[in-house]
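Residue-level listing of the chains:
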Amino acid sequence: MSRIVLGIESSCDETGVGLVRLHEDGTVELLADEVASSVEQHARFGGVVPEVASRAHLEAMTPTAERAFATAGLTLSDVDAIAVTAGPGLAGALLVGVAAAKAYAAALDVPLFGVNHLAGHIAVDTLQHGPLPSPCLALLVSGGHTQLLRVDDVATTITEIGSTVDDAAGEAYDKVARVLDLPYPGGPPIDAAARRGDPAAIAFPRGMTGPRDAAFDFSFSGLKTAVARWVEGAERRGETVPVDDVAASFQEAVADVLTAKAIRAAREAGIGTLVISGGVAANSRLSTLAAQRCAEAGIELRVPRPRLCTDNGAMIAALGAHVLAAGVRPSALDLSADPSLPVSTISI
Ligand code: KG4
Ligand code: ZN
């Protein structure tokens with residue numbers, strides 16, 4: 001018998017509600033993936049304002065859930081289990097999702113699973129590409145996170161291999177966009193400008209790639225500063241800033257470091273599959289370079305489609321389905337959100 005899992009995501013500025021079907025053979029099928037974003041309310045601040053995000057989640061939660069059920073052609077009584085992002089993320093934002101999930105779980109008398117947002121970004125790939133091989137390596141690149149993870153079982157066993165010591169990759173995009181007078185969030189406009197520019201125009205630094213640096217950690221704040229200094233210099237000399245070339249050269253530095261470290265980690269651990277997920281996985285240069293370098297190294301590359309890469313409820317429903325299938329004990333109804341939940345804690 002198949003089971004329906006409802007997933008709720010509210011860790012940042014996206015209110016996501018997803019519905020999936022867990023089949024008897026363990027495969028997970030996407031039924032609905034509805035997202036309401038408050039990104040436009042944050043744009044003029046150049047970053048997410050937590051209080052604004054929390055209020056937007058509160059307003060969007062019920063309508064988004066109703067849209068998900070309508071899309072899937074299901075009703076509340078069809079739900080067999082509920083998964084909700086318990087962390088990491090913004091405390092107030094997480095609380096809205098957790099409160100909604102508890103209410104649904106109590107009203108429907110079904111098990112509730114508080115799950116890890118980062119693991120959700122990996123689990124979502126199973127909706128598109130099927131079960132994950134064990135082990136696989138995940139490169140998680142979003143506005144808040146940049147991590148290399150060894151995934152033995154997405155429902156139970158994830159180990160961090162490396163992470164950023166300062167800015168996340170997406171954060172670097174957002175900050176560089178500001179320097180270039182491009183809109184927030186910065187990833188898409190920089191990606192577009194970079195396609196018109198020369199990636200070899202400016203030799204920006206590759207952070208944490210020295211012989212004594214941690215092989216699998218990342219640093220993007222030096223790169224961000226180097227871009228800002230370069231642009232300031234051009235402006236001081238009264239030159240027009242070549243936005244497309246700066247964007248392309250910056251993007252090349254990011255994609256180069258991310259893919260080089262991921263491939264090296266996979267090689268050293270003898271892992272044959274790389275999954276890239278998170279908002280920055282939508283980046284055109286990152287996916288092209290990753291595909292090229294994975295092919296050279298004989299590594300299988302899996303990148304979920306952009307809509308699944310950015311924050312959504314389907315990723316939480318997918319992870320919930322895998323956790324349910326693994327026979328993990330449900331969370332207690334006094335479950336609370338944990339803004340700094342470590343990636344190794346997949347469900348709480
Ligand atoms: O995963 P996500 O939707 O939210 C977080 O959990 O952070 O990622 C959002 C981040 C933003 O920083 C945005 O600038 C970046 O993903 N992003 C991109 C692209 N599309 C979104 N970065 C580079 N290239 C893109 N095409
Ligand atoms: Zn995310």
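Here is a short report on the structure shown in this document. (Residues numbered from 1 in each chain as written. Chains lettered and ligands numbered in written order. Predicted model: local features only at pLDDT ≥ 70, side-chain atom pairs only at ≥ 80, totals over all residues. Heavy atoms only, no water.)

Looking now at the packing of helix 6 (residues 169-179) against helix 9 (residues 243-269). Two measures define how a pair of helices packs: the angle their axes make with one another and the distance between the axes. The interhelical angle for the contact between helix 6 and helix 9, taken along N-to-C directions, is 175°, at an axis separation of 11 Å. When the interaxial angle is binned, helix 6 and helix 9 end up roughly antiparallel. Each of Ala169, Ala172, Tyr173 and Val176 in helix 6 lies in contact with helix 9, whose residues at this interface are Phe250, Gln251, Val254 and Leu258. For the contact of helix 6 with helix 9, the class distribution of residues is 7 nonpolar, 1 polar and no charged. (Axes fitted to C-alpha atoms, helices over the stretch in contact; angles between N-to-C directions. Helix = DSSP H or I, 4+ residues; strand = E, 2+ residues; numbered from the N terminus. Parallel < 35°, antiparallel > 145°, perpendicular 65-115°, else oblique. Contact = heavy atoms within 4.5 Å. Nonpolar A, V, L, I, M, F, W, Y, C, P; charged D, E, K, R; others polar.)

A separate point is the packing of aromatic side chains. Scanning the model with the defined rule gives 2 aromatic pairs in all. For the pair tyrosine 173 and phenylalanine 250, a centre-to-centre distance of 4.9 Å together with 75° between the ring planes defines the contact as edge-to-face. Taken as a pair, tyrosine 173 in helix 6 and phenylalanine 250 in helix 9 lie far apart in primary sequence, 77 residues in all. In this pair, the class of tyrosine 173 matches that of phenylalanine 250, namely buried. Geometry around phenylalanine 218 places lysine 261 over its ring, the cationic atom sitting 5.8 Å from the centre. (Phe/Tyr/Trp six-rings, centres within 6.5 Å; stacked < 30°, edge-to-face > 60°. Buried < 20%, exposed > 50% of the residue type's maximum accessible area, 1.4 Å probe, protein only. Lys NZ or Arg CZ within 6 Å of the ring centre and 35° of its normal.)

In this structure, His117 (NE2), His121 (NE2) and Asp311 (OD) serve as the protein donors to the zinc ion (ligand 2), at separations of 2.1 to 2.2 Å. Geometry at the zinc ion (ligand 2) is irregular, judged from the 4 donor atoms that bind it and their angles of 93 to 146° at the metal. Histidine 121 gets classed as buried once you look at its relative accessible area, which sits at 0%. (Donors = N, O, S within 2.8 Å, 3.2 Å for Na, K, Ca; no water. Tetrahedral: all angles 85-135°; square planar, octahedral: opposite > 155°, others 65-115°.)

What surrounds ligand 1 is a group of 20 residues, the closest being Gly143, Asp174, Gly187, Gly279 and Asn283. Within the contact set of ligand 1, an oxygen atom lies 3.1 Å away from a backbone nitrogen or oxygen of glycine 170. Between aspartate 191 and ligand 1, the recorded distance is 3.0 Å, taken from a side-chain N or O atom to a nitrogen atom. Relative to its free-state accessible area of 560 Å², ligand 1 is covered by the protein chains to the extent of 88%. Broken down by secondary-structure element, the contributors of at least two residues to the shell around ligand 1 are helix 4 (117-123), helix 6 and helix 7 (187-196). For the shell around ligand 1, the class distribution of residues is 5 nonpolar, 12 polar and 3 charged. (Near = heavy atom within 4 Å. Polar contact = N/O pair within 3.5 Å; in protein donor to acceptor, adjacent residues only side chain to side chain. Areas by Shrake-Rupley, 256 points an atom, 1.4 Å probe, with all protein chains shown as cover.)

These figures come from the coordinates and say nothing about function on their own.
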